[in-house]
Amino acid sequence: MALVTATVDSPSSVETTLTGRSIAPGLGMGRAWVVGDLLTYSGDLRTIGAHEIDGELSRLTTSFEQTLAELQVYAERIEAEFDSVLAGVFRAHSAMLRDLFASGEFEKEMRASLITAEAAVRRIFQKWHQKFREMENQTFRERADDLLDLGRTLLRRLLNEGEVSLKTIPPNSVLVVERLLPSDVVVLPKANVAAVIVESLGQGSHAALLAREKGIPTITEIEGVCARVATGVDLLVDGFHGTLVIAPAKTTCAEFQERLGKWHATLARCKGACRDPARSLDGQLITVEANIGIEDDVELALDNGADGVGLLRIEQLYFARKLPPTEDELFAELQQLVAPLGKRPVTVRLLDIGGDKPLPYLRLVQTANPVLGRRGVRLLLDYSQLVRTQFGALLRLCEEHPLRVLIPMVTVEDDIRRMREVFDALCAERKIAIPPKFGSMIETPAAALAVPTLLKHVDFFCVGTNDLTQYTMAASRDDAAVNDYYLESHESIMRLLSIVLADAGGRPVTLCGELAGSEAWLPKLLQLGFRSLSIAPTVIAAIKAAVRKIDISHSY
Ligand code: PEP
Ligand code: MG
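Residues numbered from 1 in each chain as written. Chains lettered and ligands numbered in written order. Predicted model: local features only at pLDDT ≥ 70, side-chain atom pairs only at ≥ 80, totals over all residues. Heavy atoms only, no water.

For the chain, the helix and strand inventory stands at 21 helices and 18 strands. Here the chain has a C-alpha radius of gyration of 25 Å; the compact-globule value for 556 residues is 24 Å, and the two agree. Per-residue burial over the chain gives 52% buried out of 556 residues. Long-range contacts, defined as pairs at least 24 residues apart, comprise 70% of the intrachain contacts of the chain with a sequence gap of at least 6. (Helix = DSSP H or I, 4+ residues; strand = E, 2+ residues; numbered from the N terminus. Rg over C-alpha atoms; globule rule 2.2 N^0.38 Å. Buried < 20%, exposed > 50% of the residue type's maximum accessible area, 1.4 Å probe, protein only. Contact = heavy atoms within 4.5 Å.)

The next point concerns the environment of Thr266. Among the structural elements, Thr266 can be located in helix α9 (residues 250–271). For the pair Thr266 and Glu213, spaced 53 residues apart in sequence, the C-alpha separation works out to 19 Å.

Core analysis: the largest hydrophobic core is formed by 140 residues, its most contacted members being Phe125, Phe391, Met419 and Leu497. Broken down by element, the residue count for this core peaks at 9 residues, all from helix α1 (residues 53–81). Non-local contacts of Phe391, meaning those with residues more than four positions away in its chain, are made with Leu350, Val405, Ile407, Met419, Val422, Phe423, Leu426 and Phe438. Formed by 18 residues, the second largest nonpolar core is a distinct cluster that contains Leu18, Ile219, Leu244 and Ile246. (Core = buried A, V, L, I, M, F, W, Y, C linked by side-chain atoms within 4.5 Å.)

Its place among the elements puts Glu327 in helix α12 (residues 327–338). Beyond its immediate chain neighbours, meaning those up to four positions away, Glu327 contacts Arg388, Thr389, Gly392, Ala393, Arg396 and Arg430.

Across the 8 residues of strand β11 (residues 285–292), 6 count as buried, placing the element largely inside the fold. In the sheet, strand β10 (residues 278–279) pairs with β11 via 2 bridges, with the strands oriented antiparallel. Of the residues in β11, the one forming a bridge with Arg279 is Leu285. Remark: 5 residues form the turn of the hairpin made by β10 and β11, two consecutive strands paired antiparallel; Gly283 in that turn has positive phi of roughly 85°. By the bridge criterion, 4 bridges tie β11 to strand β18 (residues 532–535) in an arrangement that is parallel. Across the sheet, Ala290 pairs through a bridge with Ile535, a residue of β18. (Pairing = 2+ DSSP bridges.)

This brings us to the coordination of the magnesium ion (ligand 2). Distances from the magnesium ion (ligand 2) to its protein donors, Glu443 (OE) and Asp467 (OD), fall at 2.0 to 2.1 Å. Taken together, the positions of Glu443 in the loop between β15 (437–442) and α16 (445–449) and Asp467 in helix α18 (residues 465–473) put the pair 24 residues apart, joining distant regions of the chain. Accessibility expressed as a relative area gives 2% for Asp467, which makes it buried. (Donors = N, O, S within 2.8 Å, 3.2 Å for Na, K, Ca; no water.)

To continue, consider the site of ligand 1. Neighbouring residues of ligand 1: 17 residues in total, closest His206, Arg313, Arg349, Gly464 and Asn466. A distance of 3.0 Å separates an oxygen atom of ligand 1 from a polar side-chain atom of Glu443. At 3.1 Å from an oxygen atom of ligand 1 is found a main-chain nitrogen or oxygen belonging to Thr465. Relative to its unbound accessible surface of 290 Å², ligand 1 loses 100% to contact with the protein. (Near = heavy atom within 4 Å. Polar contact = N/O pair within 3.5 Å; in protein donor to acceptor, adjacent residues only side chain to side chain. Areas by Shrake-Rupley, 256 points an atom, 1.4 Å probe, with all protein chains shown as cover.)

Per the domain assignment, the segments of the chain are domain 1 (3–38 + 164–268), domain 2 (50–158) and domain 3 (272–547). Relative placement of domain 2 and domain 3: their C-alpha centres are 39 Å apart. Every contact between the two is made by 15 residues of domain 2 and, on the other side, 15 residues of domain 3. Looking at the side of domain 2 facing domain 3, the largest losses of area belong to Arg77, Glu81 and Phe82, adding up to 47% of the total buried there. (Domains from an automatic or database assignment. Buried area = accessible area lost by both parts, 1.4 Å probe.)

Here we come to unusual backbone geometry. A positive phi angle, close to 50°, is found at Ala247, a residue other than glycine. Considering the arrangement of structural elements, one finds Ala247 in the loop between β9 (243–246) and α9. Judged by its relative accessible area of 13%, Ala247 is buried. The backbone phi angle of Lys431 is positive, close to 50°, even though this residue is not glycine. With respect to the helices and strands, Lys431 occurs in the loop between α15 (413–429) and β15. For Lys431, a relative accessible area of 71% puts it in the exposed group.

Throughout the structure, instances matching the rule amount to 10 aromatic pairs. With a centroid separation of 6.3 Å and 50° between ring planes, the pair formed by Phe101 and Phe106 is classed as tilted. Judged by its relative accessible area of 29%, Phe101 falls in the partly exposed class. Residue classification places Phe106 among the buried positions, given a relative accessible area of 2%. Plain terms: the ring middles of Phe106 and Phe125 are 6.0 Å apart, the flat faces sit at 45° to each other, and that makes the pair tilted. (Phe/Tyr/Trp six-rings, centres within 6.5 Å; stacked < 30°, edge-to-face > 60°.)

The buried fraction of helix α7 (residues 206–214) amounts to 9 of the 9 residues, a majority that puts the element mostly inside the structure. Within the span of α7, buried status applies to His206, Ala207, Ala208, Leu209, Leu210, Ala211, Arg212, Glu213 and Lys214. Phi for Gly215, located one or two positions after α7, is positive at around 70°.

Below, the discussion takes up the packing of α1 against helix α5 (residues 138–158). Packing of α1 against α5 brings their axes to within 9 Å, and their N-to-C directions diverge by 120°. Judged by the inter-axis angle, α1 sits oblique to α5. For α1 against α5, the interelement crossing comes out right-handed. Between α1 and α5, the residues in contact are Arg59, Leu60, Ser63, Phe64, Gln66, Thr67, Glu70 and Leu71 and Leu150, Thr153, Leu154, Arg157 and Leu158, respectively. Within the contact of α1 with α5, the residues separate by chemical class into 6 nonpolar, 4 polar and 3 charged. (Axes fitted to C-alpha atoms, helices over the stretch in contact; angles between N-to-C directions. Parallel < 35°, antiparallel > 145°, perpendicular 65-115°, else oblique. Left-handed = near helix turned anticlockwise from the far one by under 90°. Nonpolar A, V, L, I, M, F, W, Y, C, P; charged D, E, K, R; others polar.)

This part covers the environment of Arg279. Relative to the helices and strands, Arg279 is located in strand β10. For the pair formed by Arg279 and Gln336, sequence separation is 57 residues and the distance between their alpha carbons is 31 Å. Those residues in contact with Arg279, other than ones at most four positions away along the chain, are Gln284, Leu285, Val547 and Arg548. Polar contacts involving the side chain of Arg279 include one to the main-chain carbonyl oxygen of Gly283, which spans 3.1 Å.

Structural data, given as structure tokens:
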């Protein structure tokens, strides 16, 4: 997909235009901030004096001890919230780390090669990673990547870096990375990041939609971009067309700046009336709510005139932490998050992890097809404390905020029936006078076709076209290679949507996948019968403006 449209002499001094694929629209200019892998970084080749070795060894010992203490805390919290099997992963990591340190290999390497503690960690962890990968025993092979992660943790301690370096990205940066996880996007400080360039990213991946939600122009499929761009080089990113200009000339910059100004003016025009309700030309009220996760999104949602929050992805609170929260912590974080929304209703979806949304501190057993495996409600049903923590926090929050509760990744009636039982029991136990409305996500074809069986357990439905597309089109939302099959507006999706609406038995149905934020498909979606949309905060103003120009009774 990557295409060089200007010749390059030296990548950082001659203007070069590369074309990839758009992930999140918008324009951004700034300095490149290339994030490589801490462990494979090869820039610290300097040798040190023999007299410095003892000092380096003591730094290394401290970082080992800190990492071991941290792993112990992790194991205890994971055991409380999940179970001892998952906590065992951290205990195994502690044992691996202890053995490695006790082997004396680090000291030997440092004394023999006169290298820093950081260089020794890189060298030895990479060597052991390779050894583990080549082992016959499958468990050891699977541990190989864990070993790299342990090495990275040690390095962060040695380098005194925060847990997630992306948090500290400087202002006016364009982030350039090979891969992007949802947990990376969650911690990105939007004010500092003008745009993101990722070498490979699926169109429907959670990292992609979080970038859209945050309104950060993002492009992908520019092969080798991390190697071609040096940190500090000026970049222009066009997230509408998927193009990148490296080291732009003055005239190119000036033209880009002019486009940027016009784009901002268009956004400001849409925002003018964004706080008013959106009524179509024929007078139908369309509720336009926001999909949010963290504080930055709330500000964006309010700024763009959201009528409420139609989807709060609770996993984003989990991504932003080093450990799963207790009920008290979760309640406090949610309370702080929704406070600025006043009396606007908020729909909170229970943890939807697994698939392409791994939690950094939760090592679930790796399976061949994680997206078809134990994700969303399937995982919730296996960890009752995890569910009690979330319902508990939400039942406290509903006393002070209009709340709805939503269950992710439902496939069969039993999923929603069992969750409803837990919910009702907890409401009774805590004597909740008016419980929050209880809803089911419809994001698998099975659920879409089984709405008549699900509806007796719920007060409302929320249709997620991101997963519905993935499962209907048999195209992974994470795999850039099948982006052409990942067709959210395919006729088969439209048919499933109309079936859900027809079968919903009067239960309100919100559309909350990325398709709901598409201006091109808005007339069709309204004609199908949707009157409630939940979309990325940054597109709310434009969608409300578009609603006002549509006559739903007119055939498009
Ligand atoms: C969806 O699948 O459309 C959805 C809204 O959920 P998520 O994107 O978080 O999987
Ligand atoms: Mg989904």
